[in-house]
Amino acid sequence: MDSPLLSTHGAVPADPPDAQVAAHYGEPSAEQRALATGAAVVDRGNRGVVRVAGADRLRFLHSLMSQHLERLAPYTPTEALLLSPNGHVEHHLALVDDGEAVWAHVEPGTAAGLAEFLDRMRFMMRVEVTDETASYAVVTLSGVEPPEDALVTTDGLIVPRETLDRDWHARLAGLWAYEALRIAAHRPRFGLDTDHRTIPHEAGWIDVAVHLDKGCYRGQETVARVQNLGRPPRRLVFLHLDGSVDHLPAHGDPIESGGRTVGFVGSAARHYELGPIALGMVKRNVPVDETLLAGGVAATQEVIVSPDTGSTVKIDLRRR
């Protein structure tokens, strides 16, 4: 469903998979500055929201997810991954427990599939799984206090959908602003900066969404093997793009080195200070100091995930 904020004067819809929210409201650069340094709110209401209630909810999710959730304290936000049996990332969740239920938000169009999978895995556990996307939405808010009805996650607030058009006491900023700051912060987005083969080490999610000392869960063998031996097949990289080119590389464009394809472009944006930037996934053995071509645009690398990532290498997705 389209967000009610798309009817705001000046709102321009974003591209898929975000077409249900605004890319900007007429002043992209000013909106980005407001989000970075002032008071702004970004409508991310196209994201899916899933609720897992019941006495066994934490134990249930703990058994399936990469994160240690069994003793998660109420209102403590965290992140988790749902992996395939082979260790490939199937969902990236930002979640929080409110004392009665766990609330999680996920990429657009994926909540129904996640809720269906979790419901199939309940067996005799006392849990109830519901897709709440029609009733709840996600926003990113900066510079002002969250409203009392908001659940705070590591990546935005979960609020009743009917309150999206409230007075936020902040400037409306479009998704372009959020995406530029996300890319600059080295935070990958599932489905844009990853593909069906991505494993947690490649995307740098080990330190934020994986607990390395918990018990068994789907895909744990792959995580343990890479953690112990290092050297994942690929690595996430931050790209400073040539600012003299008048276009950004598109999602999925090839990243080339020496005339051969070594990866793909994920997200790209124009940052208000850094200029054109992107995230990409490249082969592990691409030299970290090599200039690349991203969709035909010259790009220098900034290391996010080390080629030697494993038990002796710590990943820090947050820029200093």
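Here, the structure is the one placed above.
Residues numbered from 1 in each chain as written. Predicted model: local features only at pLDDT ≥ 70, side-chain atom pairs only at ≥ 80, totals over all residues. Heavy atoms only, no water.

Engineer: How should I be thinking about the packing of aromatic side chains in this particular structure?
Structural biologist: Aromatic ring pairs: the centre-centre distance and the angle between the two ring planes describe each pair. Going through the model one piece at a time under the given rule, you end up with one aromatic pair. One residue, Arg44, lies across the ring of Tyr178, its end atom 4.1 Å from the ring centre. Over the ring of Trp168 we find Arg166, and its NZ or CZ is 4.7 Å from the ring centre. (Phe/Tyr/Trp six-rings, centres within 6.5 Å; stacked < 30°, edge-to-face > 60°. Lys NZ or Arg CZ within 6 Å of the ring centre and 35° of its normal.)

Engineer: In this structure, what is going on with empty space enclosed by the protein? I would like to understand it.
Structural biologist: It is the rolling of a water-molecule-sized probe over the atoms that shows where space remains empty. In the structure shown here, the tally under the stated rule is two cavities of 30 Å³ or more. Of the voids in this model, the largest cavity is the one considered here, and its volume is about 220 Å³. Forming the walls of the largest cavity are 21 residues, and the residues nearest its centre are His92, Asp155, Tyr178, Arg187 and Pro188. The element contributing the most residues to the lining of the largest cavity is helix 4 (residues 175-184), with four residues. Tallied by class, the residues present in the lining of the largest cavity amount to seven nonpolar, three polar and 11 charged. Lining the second largest cavity are Val50, Val52, Leu61, Met65, Leu93, Leu95, Val102, Ala104, Leu114 and Leu118. Residues belonging to the lining of the second largest cavity are distributed by class as follows: 10 nonpolar, no polar and no charged. (1 Å grid on protein atoms, 1.4 Å probe; cavity = no way out; pocket = protein on both sides within 12 Å on 5 of 7 lines; lining within 4 Å. Points joined across faces, edges and corners; volume = space filled by probe spheres on them. Helix = DSSP H or I, 4+ residues; strand = E, 2+ residues; numbered from the N terminus. Nonpolar A, V, L, I, M, F, W, Y, C, P; charged D, E, K, R; others polar.)

Engineer: Got a minute to help me understand the nonpolar core in this structure?
Structural biologist: In summary, soluble globular proteins display a tendency toward joint burial of nonpolar side chains. Core analysis: the largest hydrophobic core is formed by 23 residues, its most contacted members being Val50, Val52, Leu61, Met65, Leu95 and Leu118. Elements represented by at least two residues in this core include exactly strand 4 (48-53), helix 2 (57-64), strand 5 (78-83), strand 6 (89-97), strand 7 (101-106) and helix 3 (111-120). Counting residues per element, this core draws most heavily on helix 3, which supplies five residues. Among all residues touching Met65, those that are not within four sequence positions of it are Ala80, Leu81, Leu82, Leu93, Leu118, Lys214 and Tyr217. Counting residues in hydrophobic clusters, the runner-up holds 13 residues, among them Leu239, Leu241, Ala294 and Val297. (Core = buried A, V, L, I, M, F, W, Y, C linked by side-chain atoms within 4.5 Å. Buried < 20%, exposed > 50% of the residue type's maximum accessible area, 1.4 Å probe, protein only. Contact = heavy atoms within 4.5 Å.)

Engineer: Quick question: what am I supposed to make of the environment of Pro232 here?
Structural biologist: With respect to the helices and strands, Pro232 occurs in the loop between helix 7 (220-229) and strand 13 (234-241). Separated by 45 residues in the primary sequence, Pro232 and Ile277 place their C-alpha atoms 24 Å from one another. Aside from chain neighbours lying at most four places away, what touches Pro232 is Ile199, His201, Glu202, Val226, Arg284, Pro307 and Thr309.

Engineer: What's the story with the sheet that holds strand 11 (residues 156-160) in this structure? I'm lost.
Structural biologist: Strands belonging to one sheet form pairs held by backbone hydrogen bonds; the direction of such a pair is parallel or antiparallel. Read from one edge of the open sheet, five strands run 10-11-9-3-12, paired in mixed fashion. Of all strands in the sheet, those with a lone pairing partner are strand 10 (151-153) and strand 12 (171-173), marking the two edges. Strand-to-strand twist in this sheet, taken as the mean axis angle between neighbours without regard to direction, amounts to 35°. Where strand 3 (residues 40-43) lies against strand 12, three bridges are found, and the strand directions are parallel. For Ala40, the partnering residue across the bridge sits in strand 12 and is Arg171. (Pairing = 2+ DSSP bridges. Axes fitted to C-alpha atoms, helices over the stretch in contact; angles between N-to-C directions.)

Engineer: Help me understand the pairing of strand 4, please; the structure alone is not making it clear to me.
Structural biologist: Looking along a regular strand, one sees the side chains alternate between the two faces of the sheet. Here strand 4 lies mainly inside the structure; five of its six residues are buried. With six bridges connecting them, strand 4 and strand 7 associate as antiparallel partners. From the neighbouring strand, Val50 faces strand 7, where its bridge partner is Ala104. One ladder, built from four bridges, connects strand 4 with strand 8 (residues 128-131); its direction is antiparallel. Bridge pairing links Arg51 to Thr130 in strand 8.

Engineer: I would appreciate a short explanation of the pattern of salt bridges in the present structure.
Structural biologist: Should their charged atoms come close, side chains of opposite charge can pair. Taken as a whole and assessed by the stated rule, the structure comprises 18 salt bridges. A salt bridge links Arg126 to Asp56; the nearest nitrogen and oxygen atoms lie 2.9 Å apart. In this pair, Arg126 sits in the loop between helix 3 and strand 8 while Asp56 sits in the loop between strand 4 and helix 2, placing the two residues 70 residues apart along the sequence. Here Arg126 falls in the exposed class, since its relative accessible area comes to 54%. The shortest N-O distance in the salt bridge between Arg120 and Glu116 comes to 4.0 Å. Of the two residues, Arg120 and Glu116 both sit in helix 3, four residues apart, roughly one turn of that helix. Taken together, the shared-partner salt bridges connect Asp18, Arg47, Glu107, Glu179, Arg182, Arg189 and Asp193 into one network. (Salt bridge = Lys/Arg side-chain N within 4 Å of Asp/Glu carboxyl O.)

Bear in mind that shape data such as this cannot, by itself, settle questions of function.
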